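Notes for the structure review
Chain by chain, the residues:
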2 protein chains.
Amino acid sequence: MAQKKLKLADLAKLAGVSTSTASRALNNNPVIKQATRAHVQQLAKQHNFSLNTAASRLRLQKTNVVAVVINLDANTEQSIDDPFLLKVVSDINQAVNRQGYELLLSNSYMAGDDWHGYFIDGRRADGLIVVGQGKHQGRIELAAKLGAPLVVWGDPKTPSDYPIVGSDNYLGGLQATEHLIAKGATKLLFLGDPGHAEISERYRGFNAAIAQSQQVAQPQTIKIDITSHAAYDAINHLLREQGLNFDGIFACSDMVALGALKALKERYVSVPNDVRLVGFDDIAMADVSHPSLTTIRQNTQLAAKILVDKLLAQLNNEEVDSQEIAIQLCCRQSS
Amino acid sequence: MAQKKLKLADLAKLAGVSTSTASRALNNNPVIKQATRAHVQQLAKQHNFSLNTAASRLRLQKTNVVAVVINLDANTEQSIDDPFLLKVVSDINQAVNRQGYELLLSNSYMAGDDWHGYFIDGRRADGLIVVGQGKHQGRIELAAKLGAPLVVWGDPKTPSDYPIVGSDNYLGGLQATEHLIAKGATKLLFLGDPGHAEISERYRGFNAAIAQSQQVAQPQTIKIDITSHAAYDAINHLLREQGLNFDGIFACSDMVALGALKALKERYVSVPNDVRLVGFDDIAMADVSHPSLTTIRQNTQLAAKILVDKLLAQLNNEEVDSQEIAIQLCCRQSS
DNA sequence: GAGGTTATTGCAAACGTTTGCAATAATTTT
DNA sequence: AAAATTATTGCAAACGTTTGCAATAACCTC
């Protein structure tokens, strides 16, 4: 056990060829005779040989690694536990692996201000995927300006020098709200923080749907953090102070919706009879909750693929721009 | 822009010293005069200098990277979306970063059979954290035998050559079931797959609690995958075929419990009055569901820290062994 | 101020790949 | 069979760090 690690030179010796030939053979370089290639490759397999990526990266100036940075506002703390965010990361992981790259996971604070330096100059990764625009887009912008190949998961409508991939949040908000209205809601409530890029678009859609309609009253907006707990507290507080003065809720995320749902159920407000409720994201729990949650599905799997494709295109010096992913209304029991 | 990347030699030239001095200065090597160190470091900061990690890793034969491998049974497909697993990964990420390491995320299939070769020999990472024992522990064992520094999140009671960190699943099962019995349940139901290492321990605890008690009948066991969907189907099926022939459920995970809860509510079975329900994990949703879910909390944050500590200890050639993490009963409304 | 000690720096090799170019071997052409 | 081509291989340099060792500079001690 723990036998000395085989290096390429050793493998070459075993095969009776030079190091260069061994290298080319492993890379299936057609300039090497077919028989030699096969021989070397067979020996490599047999001895579980693997190249030293450190050396390889140094020589090639290429890492085959994509860094994923979770960019959370330290204050708002849409905690990293948020199932939706984790789903996004997980889908990105799949997409990255499928392209033969590896995924370096990082919190935003790790790299300090200088992402470009840390990840790209430091040759830790070839490119960056930033999950979440956060409130200070300055840091992203800086990295992009310095030439870091990067793509962002966020709101694609935001004007930017770097490509942003994300759902059509405006349409999502519009459809969700139209749906609430179609189901008979007239006193609407928005739950979320319109200061956040993606959510502000959802909010625009919310308001647009209301403006379209005649019989809907002036809506309420409650600005809260993107957590179920905040939603639970907010609804409890509202019911206590003002009674049930709404009959439809558009929550900016499923976790928020579920927090609201809990508060409503505890106070015996019937969903969907008294209050219609629509969320956003379509996390796994949306289907499992009772009543199951009507929501706007974000196609994270597709988005992840596109994010990765755009990043690799950038590495290839192609021009790429932002892209909106279609959303889909999932009509369930809560509305 | 996109100015030529600064290398150490360039920085050295700027500072008017040799490359070796610059290197030592950056590493705060006390053999270098304090003033020189400060000067070089200041220049480095000013120019956003960062070392080429590829070169550094090659020279040092050390990556400062930990690979996290999600080891799922392809068939059972406790999908990678499982919020609990993602939470574990997220906590490991924090712990790893806190120790100055980086985290390479990977699916088990990426590395093929030969983890040792791929990650360790390939110099992609210094050590491995495997999340989930899976059903074929052979591959883990093989890697360990070949000398891969590795730790596993799983059931610590499993005899093994490698350290396993995980919750005291037996005690968790025991306490959960004792709790159900204390709340008056006499016809118990276990929901989960005892073929899975961790769950089999929970199941042992379940049975032990029942054996301790006089007035509890022979329990039922329904073997299902670890998904809310499977649980929902199973409970529906059971109620349809046999009616309500149980009054207490110990579900092997919260997602399973929530799936069961949904089925019960849809059929107007009152929780906790008709049926008491206890889950396992304490995912975020446990608190948000209605009724909120009584569950056994796994301290993933602590576990993550211990996993990482043990891995680094191994890298330091210390002997480490498996460790059990204390669990805690979180009594909520479902029981 | 000569000899000894210590503090500070630089030279050059090494880590393990990949690849341009030159060299050789095999094949074809005349 | 010599010459010209083509197929196949090997030599050696380069990627950017870190570090053992030797060299120099600075300081003491008597």
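Quick caveat: nothing in here was measured; it's all calculated off a predicted structure.

This paragraph deals with the overall build of chain A. Scanning chain A for helices and strands turns up 13 helices and twelve strands. Expected size for 335 residues packed as a compact globule is a radius of gyration near 20 Å; at 25 Å, chain A overshoots this value by more than 25%. Across its three principal directions, the C-alpha atoms of chain A cover 85 × 40 × 30 Å. With 335 residues in all, chain A has 53% of them scored as buried. Contacts in chain A between residues far apart in sequence, at least 24 positions, make up 71% of those at least 6 positions apart.

What follows deals with the pairing of strand β8 (residues 248–251) of chain B. Side-chain positions along a regular strand alternate between the two faces of the sheet. Residue and element names in this part refer to chain B. Going residue by residue along β8, you find G248 and F250 tucked away on one face and I249 and A251 tucked away on the opposite face as well. With four bridges connecting them, strand β6 (residues 188–191) and β8 associate as parallel partners. Following the sheet pairing, L188 is matched in β8 by G248. Two elements, β8 and strand β9 (residues 276–281), share three bridges in a ladder whose sense is parallel.

One can read the domain layout of chain A as domain 1 (8–51), domain 2 (65–166 + 300–324) and domain 3 (169–297). Centre-to-centre, using C-alpha coordinates, domain 1 of chain A lies 37 Å away from domain 2 of chain A.

Attention now moves to the protein's contact with DNA strand D. Taken together, the neighbourhood of DNA strand D is formed by 25 residues, with S18(A), S20(A), L8(B), S20(B) and A55(B) sitting nearest. The biggest single contributor to the surface near DNA strand D is helix α4 (residues 53–60) of chain B, with five residues. A per-class count over the surface near DNA strand D returns ten nonpolar, ten polar and five charged.

This part is about the interface of chain A and chain B. Every contact between the two is made by 47 residues of chain A and, on the other side, 48 residues of chain B. Sorting the residues of the side of chain A that touches chain B by element identifies α4 (53–60), α5 (83–98), β2 (102–107), α6 (115–121), α11 (254–266) and α12 (284–288) of chain A as the ones contributing at least two each. Looking at the side of chain A that touches chain B residue by residue, the classes come out as 20 nonpolar, 15 polar and twelve charged. The pairing of β2(A) with strand β2 (residues 102–107) of chain B spans three bridges and is classified as antiparallel. Within β2(B), the residue paired with L103(A) across the bridge is L105(B).

On to the protein's contact with DNA strand C. Surrounding DNA strand C, one finds 25 residues, the nearest of these being L8(A), S20(A), A55(A), S18(B) and S20(B). Sorting elements by how many residues they give to the surface near DNA strand C places α4(A) first, with five residues.

Membership of the largest hydrophobic core comes to 186 residues, with the highest contact counts inside it found for A251(A), A260(A), A251(B) and A260(B). Beyond its immediate stretch of four places on either side in the chain, A260(A) contacts L191(A), A231(A), Y232(A), I235(A), I249(A), A251(A) and L277(A). The next biggest cluster of nonpolar side chains, apart from the first, holds nine residues, and it includes A22(B), I32(B), V40(B) and F49(B).

Quick look at the UniProt feature "domain: HTH lacI-type" (unreviewed entry) in chain A now. In the numbering adopted here, UniProt assigns the feature "domain: HTH lacI-type" (unreviewed entry) to residues 6–60 of chain A. Overall, residues 6–60 of chain A shows 67% helix and 0% strand. The separation of its end C-alpha atoms is 21 Å.

Residues and elements named next belong to chain B. β2 sits mainly inside the fold: five of its six residues count as buried. Relative to β2, strand β1 (residues 65–70) runs parallel, the two sharing six bridges. Among the inter-strand pairings, I70 is bridged to a residue of β2, identified as N107.

Before going further, it helps to spend a moment on the packing of helix α10 (residues 228–242) of chain B against helix α11 (residues 254–266) of chain B. All names here are of chain B. Where α10 meets α11, the closest approach of the two axes is 7 Å, and the angle between their N-to-C directions is 40°. Read as a crossing pair, α10 and α11 show a hand that is right-handed. For the pair formed by α10 and α11, the contact residues are S228, H229, A230, A231, Y232, I235 and N236 on the first element and M255, V256, L258, G259, A260, K262, A263 and L264 on the second. Of the residues in the contact of α10 with α11, the class split is ten nonpolar, four polar and one charged.

Time to look at the sheet that holds strand β5 (residues 164–167) of chain B. Read from one edge to the other, the open sheet built from twelve strands follows the order β11(A)-β5(A)-β4(A)-β3(A)-β1(A)-β2(A)-β2(B)-β1(B)-β3(B)-β4(B)-β5(B)-β11(B), with strand pairing classed as mixed. One side of each edge strand has no neighbouring strand; the edge strands of this open sheet are β11 (323–325) of chain A together with β11 (323–325) of chain B. Neighbour to neighbour, the strand axes of the sheet diverge by 25° on average, direction disregarded.

Attention now goes to the relation of the copies chain A and chain B. Structural alignment of chain A on chain B gives an RMSD of 0.1 Å, achieved by rotating through 180° and translating 0.0 Å along the axis. As the rotation angle and translation indicate, the two copies are arranged about a two-fold axis. Residue by residue, 100% of the interface of chain A is reproduced at the interface of chain B, so both copies engage with the same surface.

On to the sheet that holds β9(B), then. The pairing of strands in a sheet comes from backbone hydrogen bonds and takes either a parallel or an antiparallel form. Residues and elements named next belong to chain B. Pairing is mixed in the open sheet, where six strands are placed in the order β7-β6-β8-β9-β10-β12. Across the chains shown, the open sheet's two edge strands, defined by having one partner strand only, are β7 (220–222) and β12 (328–330). Across the sheet, the axes of successive neighbouring strands diverge by a mean angle of 20°, strand direction being ignored. Packing of helix α8 (residues 169–182) onto the sheet brings it into contact with β6, β8, β9, β10 (294–297) and β12, and relative to β9 it is tilted by some 165°.

Residue and element names in this part refer to chain A. Packing of helix α8 (residues 169–182) against helix α9 (residues 197–212) brings their axes to within 7 Å, and their N-to-C directions diverge by 40°. Relative to α9, the element α8 is oriented oblique. The chirality of how α8 crosses α9 is right-handed. Contacts between α8 and α9 pair N169, Y170, L171, G172, G173, L174, T177, E178 and I181 from the former with E198, E201, R202, Y203, R204, G205, F206, A208, A209 and I210 from the latter.

The next point concerns the environment of Q94(A). Position of Q94(A) relative to the elements: it lies in helix α5. A C-alpha to C-alpha distance of 23 Å links Q94(A) and D168(A), two positions 74 residues apart in sequence.

Let us look at unusual backbone geometry. Backbone torsion omega between H290(A) and P291(A) reads -5°, so that peptide bond is classified as cis. Here P291(A) shows up in the loop between α12 and β10 (294–297). P272(B) follows V271(B) through a cis peptide bond whose omega is 15°. Structurally, P272(B) is set in the loop between α11 and β9. Even without glycine at this site, N317(A) takes up a positive phi of about 65°.

This part takes up the environment of Y162(B). The topology assignment puts Y162(B) in the loop between β4 (150–153) and β5. Spatially, the C-alpha atom of Y162(B) lies 41 Å from that of V275(B), the residues being 113 residues apart in sequence.

How each quantity is defined
Residues numbered from 1 in each chain as written. Chains lettered and ligands numbered in written order. Predicted model: local features only at pLDDT ≥ 70, side-chain atom pairs only at ≥ 80, totals over all residues. Helix = DSSP H or I, 4+ residues; strand = E, 2+ residues; numbered from the N terminus. Rg over C-alpha atoms; globule rule 2.2 N^0.38 Å. Buried ≥ 20, exposed ≤ 12 C-beta atoms within 10 Å, placed from the backbone. Contact = placed C-beta atoms within 7 Å. Pairing = 2+ DSSP bridges. Domains from an automatic or database assignment. Near = placed C-beta within 6 Å. Nonpolar A, V, L, I, M, F, W, Y, C, P; charged D, E, K, R; others polar. Core = buried A, V, L, I, M, F, W, Y, C linked by C-beta atoms within 7 Å. UniProt positions renumbered as here; feature names shortened; annotations may be inferred. Axes fitted to C-alpha atoms, helices over the stretch in contact; angles between N-to-C directions. Left-handed = near helix turned anticlockwise from the far one by under 90°. Least-squares fit on C-alpha atoms with pLDDT ≥ 70 in both. Parallel < 35°, antiparallel > 145°, perpendicular 65-115°, else oblique.

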